[in-house]
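Each chain is listed here by its residues.
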Amino acid sequence: MSESGYIAGFGAAVPGCALRQAEMWDGFFARHFAGDRMAERIFRSAGVQRRHAAVNPADEDVSRWSTGERMRRYVSEAFPLGKEAVAAALADAGLAPDEVGLFVVASCTGYVTPGLDIRVAADLGMAPDVQRLFIGHMGCYAAIPALGAARDYVVARNRPAVVLCLELTSLHVQPPADDHGRIDLGQVVSHALFGDAAAAIVVLPDAPGARRGLEVLEIAALTDAATADHMTWEVTDLGFRMGLSPEVPRVLARHVRAMVSELLGRHGLTTADVDGWAVHPGGPRILSTVAEQLALPADALDASTAVLAERGNCSSATVLLVLDALRAAGRSRAGRAVVAMAFGPGLTLYVALLRQG
């Protein structure tokens, strides 16, 4: 049995279509939302400069596509992206595909059976006895429970695990008006923020001489079920439709300080002991709320802000992209803590406490 699990490899892949925010508004969404001034303000203040999309709405208006059409496109677009991200993570960790014991896949933007877990595992050459776990419909925070499952497997079985988070939100552009013919500002916010990406990590067991990356110390969760209607993801005949309340940052503000303080306290730590903050950039207000509630230094969330600007909110993949950005920036020192957190339907807050090896 391993004593711990370490994130020792990262990989990512994005669709080839990179779109600037202004181009997306001018090329499609200005017409889609009938030039609504509030919609335009939301787009221009989303904190996104560009993002990648499997479907360019200026070329293909998917807003009237059936769910079946969207799922067929998901299969054709998701498989090569997932394969690329996982292959990169395995190479980064120096691990062969047939050494993987558990393969965890998280996605809330597409479903197919046989799924990505089977297809990617087989095509990369993972062993026939590799165990697989698919996590669906958890939304933006799914990467952290996926990491928790991988870490628990690694500790119990002393074998490596891989996590893949893959989201194609561009497949779920919705009709512009609600059932009463009014522009749905929640949809405007969603379309202003979300991008497409795949991100993968390798989790290795602790072993003499093994490469050590970010040690996974603890995973914590908190769900405020009284606010469950504040964030929803509904399967409709026209794809998946997000419900998003402007109250989300206020709910987050009620919980994040106590939850993070208690998690750190269980390990004899405070926020001053944390070198790196990988906060899911659900939007500018989410980041400012976290920074304010935790009294973080001005540059603490630079990696989250940069990922939002260059990739958008890529749902479950985003927090892994932020962790990789922190690594690239050298923001954490050996033995120091790193905190990853993400939020989603429930309302749910998930936090991972990590330590740089």
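Above this text is the structure in question.
Remember, it's a predicted structure, so these values are computed and weren't measured experimentally. (Residues numbered from 1 in each chain as written. Predicted model: local features only at pLDDT ≥ 70, side-chain atom pairs only at ≥ 80, totals over all residues. Heavy atoms only, no water.)

Chemist: Account for the nonpolar core, naming residues and giving values.
Modeler: Counting residues in hydrophobic clusters, the biggest one holds 84 residues, and the most contacted among them are Val 86, Phe 103, Leu 164, Leu 166, Trp 277 and Met 341. Discounting chain neighbours no more than four positions away, the residues touching Phe 103 are Val 86, Leu 116, Asp 117, Val 120, Ala 121, Met 126, Val 130, Gln 131, Arg 132, Leu 133, Val 162 and Leu 164. Counting 41 residues, the second-largest nonpolar core is a separate cluster that includes Tyr 153, Val 203, Ala 303 and Val 338. (Core = buried A, V, L, I, M, F, W, Y, C linked by side-chain atoms within 4.5 Å. Buried < 20%, exposed > 50% of the residue type's maximum accessible area, 1.4 Å probe, protein only. Contact = heavy atoms within 4.5 Å.)

Chemist: Lay out empty space enclosed by the protein in plain terms, naming residues and giving numbers.
Modeler: By the definition in use, this model includes two cavities of 30 Å³ or more. By volume, the largest cavity is sized at about 330 Å³. Lining the largest cavity are 31 residues, and of these Thr 169, Ser 170, Ser 190, Phe 194 and Trp 233 sit closest to its centre. For the lining of the largest cavity, the secondary-structure elements that each account for two or more residues are helix H1 (21-32), strand S3 (50-53), helix H6 (185-193), strand S9 (231-236) and strand S10 (239-244). (1 Å grid on protein atoms, 1.4 Å probe; cavity = no way out; pocket = protein on both sides within 12 Å on 5 of 7 lines; lining within 4 Å. Points joined across faces, edges and corners; volume = space filled by probe spheres on them. Helix = DSSP H or I, 4+ residues; strand = E, 2+ residues; numbered from the N terminus.)

Chemist: Requested: an account of the pairing of S10, with residues and values cited.
Modeler: A large share of S10 lies buried, amounting to five of its six residues. In terms of strand pairing, S9 meets S10 through six bridges, oriented antiparallel. In the sheet register, Glu 234 faces S10, and the bridge partner there is Arg 241. Once S9 ends, the chain turns through two residues before running back antiparallel as S10. (Pairing = 2+ DSSP bridges.)

Chemist: So what about the packing of aromatic side chains? Which residues, and what values?
Modeler: Using the criterion set out here, one finds eight aromatic pairs in the structure. Ring centres 6.0 Å apart and planes at 70° place the aromatic pair Tyr 111 and Phe 134 in the edge-to-face group. With Tyr 111 in the loop between strand S4 (102-107) and helix H4 (116-124) and Phe 134 in strand S5 (residues 131-136), this pair connects stretches of sequence that are 23 residues apart. On the basis of relative accessibility, which here comes to 30%, the residue Tyr 111 falls in the partly exposed class. Considering the side-chain rings of Tyr 111 and Phe 240, the 6.1 Å spacing of their centres and the 45° angle between planes classify their relative orientation as tilted. (Phe/Tyr/Trp six-rings, centres within 6.5 Å; stacked < 30°, edge-to-face > 60°.)

Chemist: Lay out the packing of H1 against helix H2 (residues 37-44) in plain terms, naming residues and giving numbers.
Modeler: In helix packing, the relevant descriptors are the interaxial angle and the interaxial distance, both defined with respect to the helix axes. Two elements in contact, H1 and H2, have axes separated by 10 Å at closest approach and are oriented at 155°. Considered as vectors, H1 and H2 are oriented roughly antiparallel to each other. Between H1 and H2 the crossing geometry is right-handed. Facing H1, whose interface residues are Gln 21, Ala 22, Trp 25, Asp 26 and Phe 29, H2 presents Ala 39, Glu 40, Phe 43 and Arg 44. Here the residues of the contact of H1 with H2 sort into five nonpolar, one polar and three charged. (Axes fitted to C-alpha atoms, helices over the stretch in contact; angles between N-to-C directions. Parallel < 35°, antiparallel > 145°, perpendicular 65-115°, else oblique. Left-handed = near helix turned anticlockwise from the far one by under 90°. Nonpolar A, V, L, I, M, F, W, Y, C, P; charged D, E, K, R; others polar.)

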